[in-house]
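# Residue-level structural notes
The lines below spell out each chain.
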Amino acid sequence: MKIAIAGAGAMGSRFGFMLHSAGNDVVLLDMWQEHVRAIQNKGLEVVHDSGQETITIEASHPRDYYGKPDVFILFTKAMQTEDMLCKCQHLLGADVKVLTLQNGLGNIDVIEQRMPKENIFAGVTTFAAKLLKPGQVEALGSGDTEIMQIYGNDTEALLHLIDTFNHANIHAALSQDVMKSIWQKAAFNSVLNPLCTLMQNTVAAIGGYSRIDQLIEPLVEEIITVAKAEEVILEKENMLRMIRGVFDPSMSGHHMSSMYHDVKNGRKTEVDFLNGAIVEKAQRYHIDVPYNHMLYHLISMLEETAPSY
Ligand code: NAD
């Protein structure tokens, strides 16, 4: 399969590496020139459980690429989606499928502005990765991926993509309810990422706070109410179990959140697509979400005042 990874940071590079290693024709498209040049000159270096590998893989700024991929896998941060799609406009023919595996709420709405709705696949993945330096990425453990077509019924293309992923060990399955999975992941990230970022501490440390339930329960309840207004049903006990599950240090509890790293490096975070999206949707349905409102503004304030972080 001919695959373009649109946004080849940590996750895009990891998925690009896995799909390329399984024999697919993969191009990494990215706007970060230093990263693209490093891959072009020295190859993509991938650090993983069993050592380190360097592969020769095509990389380009989207503006300079004129191939015809069957599928685009969007792996920019949520706030970069629109810019990336804009820069890829000349590549997005009528038959091209776009898959988003990004975190946050609202990615599909942005893609819908530029693509026929029936060409959009969406999903979530529990794979993880870390960018070490331009041209070098670390693959963190393994994971699972679920994918679904949002509108339409192109089962053949979807199953072909799932098959391609499974041949690359991406452990993919057809999602039964991808909007629920996207909301669940957004809820999880909306609770944990801002708290870790504000406290400048690990998930395990946050979970060690004796009255943590008094903070996470109202946050989760607010998100469940907004999700319900969007006809997505989340179960409170299930959400709380997912969140408490990662407080255990053996379940990634010792990791700092990516939001923390973004603020520390003076980069914008995905908060507009997490707590910010909850607040925006809540206003539309006249729902009060004071806990999410506060977290949204505290992180937005940190973004604006990052040098003192
Ligand atoms: P990333 O920040 O590594 O990369 C996103 C984009 O930012 C890429 O285009 C990258 O080239 C660019 N970028 C990264 N560092 C840069 C720098 N120093 N200067 C200039 N540009 C830079 O993002 P990611 O972690 O791969 O995440 C992509 C999407 O996948 C997000 O929606 C994220 O929430 C989601 N996600 C991430 C993980 C993870 O483990 N990283 C896991 C699951 C989902």
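### Comments concerning the overall build of the chain
Within the chain, the secondary structure is distributed over 13 helices and 12 strands. For 309 residues, the compact-globule estimate of 2.2 N^0.38 gives 19 Å, and the chain sits close to it at 19 Å. The C-alpha extent of the chain, read off along each of the three principal axes, is 50 × 40 × 35 Å. Every one of the 309 residues in the chain was classed for burial, and the buried ones make up 51%. About 14300 Å² of surface is accessible on the chain, with carbon and sulfur atoms providing 50% of the total. Of the side chains in the chain, 25 bear a positive and 38 a negative charge, and the two mean positions are spaced by 4 Å.

### Concerning the packing of aromatic side chains
One pass over the structure, following the stated rule, counts three aromatic pairs. Between the aromatic rings of phenylalanine 15 and phenylalanine 127, the centroid separation amounts to 5.8 Å while the plane-to-plane angle is 80°, which identifies the pairing as edge-to-face. Taken together, the residues span a long stretch of sequence, with phenylalanine 15 in helix H1 (residues 10–21) and phenylalanine 127 in the loop between strand S8 (120–125) and strand S9 (128–133) at a distance of 112 residues. Using a relative accessible area of 5% as the deciding quantity, one classes phenylalanine 127 as buried. Centre to centre, the rings of phenylalanine 15 and phenylalanine 165 are 6.0 Å apart; their planes meet at 75°, and the pair counts as edge-to-face. With a gap of 150 residues between them, phenylalanine 15 in helix H1 and phenylalanine 165 in helix H5 (residues 155–167) connect regions that are remote in the sequence.

### Points about the site of the ligand
By nearness alone, 19 residues border the ligand, and Ala10, Met11, Asp30, Asn103 and Glu270 come closest of all. The separation between an oxygen atom of the ligand and a polar side-chain atom of arginine 267 is 3.0 Å. Interatomic distance of 2.7 Å between a side-chain N/O atom of glutamate 270 and an oxygen atom of the ligand. In the complex, 81% of the free accessible area of the ligand, which totals 800 Å², lies under the protein chains. Only H1 and S9 provide two or more residues apiece to the shell around the ligand. Per-element tally for the shell around the ligand: the top contributor is S9, with three residues. Looking at the shell around the ligand, its residues break down into eight nonpolar, six polar and five charged.

### Some points on the nonpolar core
Burial of nonpolar side chains together is a common tendency in soluble globular proteins. Counting 45 residues, the largest nonpolar core has Trp183, Val191, Leu192, Ile216, Leu234 and Ile243 as its most contacted members. Within the residue set of this core, elements represented by two or more residues are S8, helix H6 (178–199), helix H7 (203–207), helix H8 (213–229), helix H9 (236–245), helix H11 (258–264), helix H12 (275–284) and helix H13 (290–304). The element that contributes the greatest number of residues to this core is H6, accounting for 10 residues. Setting aside its immediate chain neighbours within four residues, isoleucine 243 contacts Phe188, Val191, Leu192, Ile216 and Val220. Among the nonpolar cores identified, the runner-up in size contains 36 residues, and Leu44, Phe121, Phe127 and Ala129 belong to it.

### Regarding unusual backbone geometry
Non-glycine residue histidine 171 carries a positive phi angle of around 50°. Relative to the assigned elements, histidine 171 resides in the loop between H5 and strand S12 (172–174). When its relative accessible area of 34% is taken as the criterion, histidine 171 is described as partly exposed. One non-glycine residue, glutamate 231, adopts positive backbone phi at about 65°. Turning to its location among the elements, glutamate 231 is positioned in the loop between H8 and H9.

### A closer look at the environment of phenylalanine 127
In sequence terms phenylalanine 127 and lysine 228 are 101 residues apart; their C-alpha atoms lie 28 Å from each other. Discounting residues that sit within four places of it in the chain, phenylalanine 127 has contacts with Met11, Arg14, Phe15, Met18, Ser142, Gly143, Asp144, Thr145, Asn169, Ile170 and His171.

### Points about the sheet that holds S9
Across the sheet, four strands lie side by side as S4-S3-S10-S9; this open sheet has mixed pairing. Looking at strand neighbours, the two that pair on one side only are strand S4 (51–55) and S9, the edges of this open sheet. Across the sheet, the axes of successive neighbouring strands diverge by a mean angle of 25°, strand direction being ignored. Where S9 and strand S10 (residues 136–140) come together, five bridges link them in antiparallel fashion. Residue pairing for S10: alanine 128 is matched across the bridge by leucine 140. Of the strands in this sheet, strand S3 (44–48), S4, S9 and S10 touch H1, which is tilted by about 105° from S9.

### Considering the sheet that holds S8
The eight strands are arranged S5-S2-S1-S6-S7-S8-S11-S12 in an open sheet whose pairing can be described as mixed. The strands lining the two open edges of the sheet, one partner per strand, are strand S5 (58–60) and S12. For this sheet, the mean angle separating the axes of adjacent strands, direction not counted, is 25°. Strand direction decides the pairing type here: strand S11 (residues 145–149) and S12, joined by three bridges, are parallel. The residue bridging threonine 145 from the neighbouring strand is alanine 172, located in S12.

Conventions adopted
- Residues numbered from 1 in each chain as written.
- Predicted model: local features only at pLDDT ≥ 70, side-chain atom pairs only at ≥ 80, totals over all residues.
- Heavy atoms only, no water.
- Helix = DSSP H or I, 4+ residues; strand = E, 2+ residues; numbered from the N terminus.
- Rg over C-alpha atoms; globule rule 2.2 N^0.38 Å.
- Buried < 20%, exposed > 50% of the residue type's maximum accessible area, 1.4 Å probe, protein only.
- Areas by Shrake-Rupley, 256 points an atom, 1.4 Å probe, with all protein chains shown as cover.
- Lys, Arg positive; Asp, Glu negative; His and termini not counted.
- Charge placed at Lys NZ, Arg CZ, Asp CG, Glu CD.
- Phe/Tyr/Trp six-rings, centres within 6.5 Å; stacked < 30°, edge-to-face > 60°.
- Near = heavy atom within 4 Å.
- Polar contact = N/O pair within 3.5 Å; in protein donor to acceptor, adjacent residues only side chain to side chain.
- Nonpolar A, V, L, I, M, F, W, Y, C, P; charged D, E, K, R; others polar.
- Core = buried A, V, L, I, M, F, W, Y, C linked by side-chain atoms within 4.5 Å.
- Contact = heavy atoms within 4.5 Å.
- Pairing = 2+ DSSP bridges.
- Axes fitted to C-alpha atoms, helices over the stretch in contact; angles between N-to-C directions.

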